[in-house]
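Listed below are the residues making up each chain.
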Amino acid sequence: MGIKQYLRVSDLPASLRGALESVSYAKVDIAVEAQTEVSIRALGGDGYQAFAVIVNLETGQTGTHWGSWGGPNAFSSDTNPVDADGRMHAIPVNGAAITGRRGGGRSVLATIHVHPDNLAKLLPGDTSELSLRERYVLHVYDGIKSSYRAEYLRFIKGRDALVMSLVERGYLKRNSNGATQITTAGKNARGDGNADRYRWDLEKMESAS
């Protein structure tokens, strides 16, 4: 796995937007990983069908491969790369691969894989670094259900002002009814890990300060 960033689908080149539309990807943003090689083999899993879309970023030409529903099975074709090809393939600078799955009663999940030399061309210019407290709050809003967030945030001093600051800077967004969620910029700024990874250490830091 390489460097991962999140980009708004509307900000992607037309070739990638078209490829995502072809597999009915409907989310506002998508994970983009920078790596020199990728495997297009994926296990669809029970109730899921995996896919891989190969994209030429210069010409817009695409090639789509669908796996078997439920993943590889005794009847899968040996020539189906999503079911059978476990090799790592080099990603050319002018190319990209989209891997993901559909089904299971959920929206389509997908990740874009591009060569590291191409990632910089896709990224926004803001690379601001946030404090541990700010990144923790972003992880809470990204990975914790709304009914549990109060428990995760209770020990953060000045949490209301901190959340509002993140909203004002575009890392979170708040609807008119008060519902708050993480934005694409927030996903990029939060860093690796999750709320549980930082919770106990941060709680000790907050208590000691």
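Our subject is the structure that appears above.
Quick caveat: nothing in here was measured; it's all calculated off a predicted structure.

Cut-offs and rules
Here the residue index of a chain counts from 1 through its sequence in written order. Reporting in this predicted model follows two pLDDT cut-offs: at least 70 for local features of residues, and 80 or more for side-chain atom pairs to be given and counted; totals over whole chains, interfaces and linings ignore these cut-offs and use all residues. Values reported for side chains reflect all heavy atoms of the structure, with hydrogen atoms and water molecules removed beforehand. Per the convention used, a helix needs a DSSP run of H or I reaching at least four residues, while a strand needs a run of E reaching at least two, with both numbered from the N terminus. By definition in these notes, contact holds between two residues if any of their heavy atoms fall within 4.5 Å. Fitted lines through C-alpha atoms give the axes, limited to the stretch in contact for helices. The angle between two N-to-C directions lies from 0 to 180 degrees. Here the word oblique covers every angle except those under 35 degrees (roughly parallel), over 145 (roughly antiparallel) and from 65 to 115 (roughly perpendicular). Pairing between strands is defined by DSSP: at least two bridges between them are needed. We call Phe, Tyr and Trp rings a pair once their centres come within 6.5 Å, taking the six-membered ring for Trp, and we label the pair stacked below 30 degrees between planes, edge-to-face above 60, and tilted otherwise. Whether a residue is buried, partly exposed or exposed follows from its accessible area with a 1.4 Å probe, protein chains only, as a fraction of its type maximum: under 20%, in between, or over 50%, in that order. Two conditions define a charge located above a ring, namely a distance within 6 Å from the ring centre to NZ of Lys or CZ of Arg, and an angle within 35 degrees of the ring normal. Each helix crossing is assigned a hand: it is left-handed if the near helix lies turned anticlockwise from the far helix by less than a right angle, otherwise right-handed if that turn is clockwise. Each residue gets one label: Ala, Val, Leu, Ile, Met, Phe, Trp, Tyr, Cys and Pro are nonpolar, Asp, Glu, Lys and Arg are charged, and the others, such as Gly, are polar.

1. Thoughts on the environment of Thr62
Secondary-structure assignment places Thr62 in strand β5 (residues 62–66). Separated by 47 residues in the primary sequence, Thr62 and Ser15 place their C-alpha atoms 8.2 Å from one another. Once residues lying within four places of it in the same chain are set aside, the contact partners of Thr62 are Ala19, Val53, Ile54 and Val55.

2. Notes on the packing of helix α4 (residues 132–143) against helix α6 (residues 159–168)
Here α4 crosses α6 at 80°, and the two axes come no closer than 11 Å. What the angle tells us is that α4 and α6 run roughly perpendicular. Along the contact surface, α4 presents Arg133, Glu134, Val137, Leu138 and Tyr141, while α6 presents Leu162, Val163 and Leu166.

3. A look at the sheet that holds strand β4 (residues 48–56)
Taken in spatial order, the six strands make up an open sheet running β1-β2-β8-β7-β4-β5, and their pairing is mixed. Looking at the sheet topology across the chains shown, the edges are occupied by β1 (3–8) and β5. Ignoring strand direction, the axes of neighbouring strands in this sheet form an average angle of 20°. Pairing of β4 with strand β7 (residues 95–103), which is carried by nine bridges, proceeds in the antiparallel orientation. Paired with Val53 across the two strands is Ile98, which belongs to β7. In the packing of helix α1 (residues 14–22) onto the sheet, the strands contacted are β2 (29–34), β4, β5, β7 and β8 (106–114), and the crossing angle to β4 comes to about 155°.

4. Regarding the packing of aromatic side chains
The relative placement of two aromatic rings is captured by the distance of their centres and the angle of their planes. Within the structure shown, the criterion is met by two aromatic pairs. Taking 5.7 Å as the distance between ring centres and 45° as the angle between the ring planes, the aromatic pair formed by Tyr136 and Phe155 counts as tilted. In this pair, Tyr136 is assigned in helix α4 and Phe155 in the loop between α5 (146–153) and α6, connecting sequence segments 19 residues apart. Taken individually, Tyr136 and Phe155 each receive the classification buried, so the pair is uniform in this respect. A cation over an aromatic ring shows up here: Arg199 above the ring of Tyr152, its NZ or CZ 4.3 Å from the ring centre.

5. Focus on the packing of α4 against α5
The contact between α4 and α5 brings their axes to 9 Å, and the two run at 160°. By the criterion of interaxial angle, the relationship of α4 to α5 is roughly antiparallel. Between α4 and α5 the crossing geometry is right-handed. Contact residues: Tyr136, Val137, Val140 and Tyr141 in α4; Arg149, Tyr152 and Leu153 in α5. Residues belonging to the contact of α4 with α5 are distributed by class as follows: six nonpolar, no polar and one charged.

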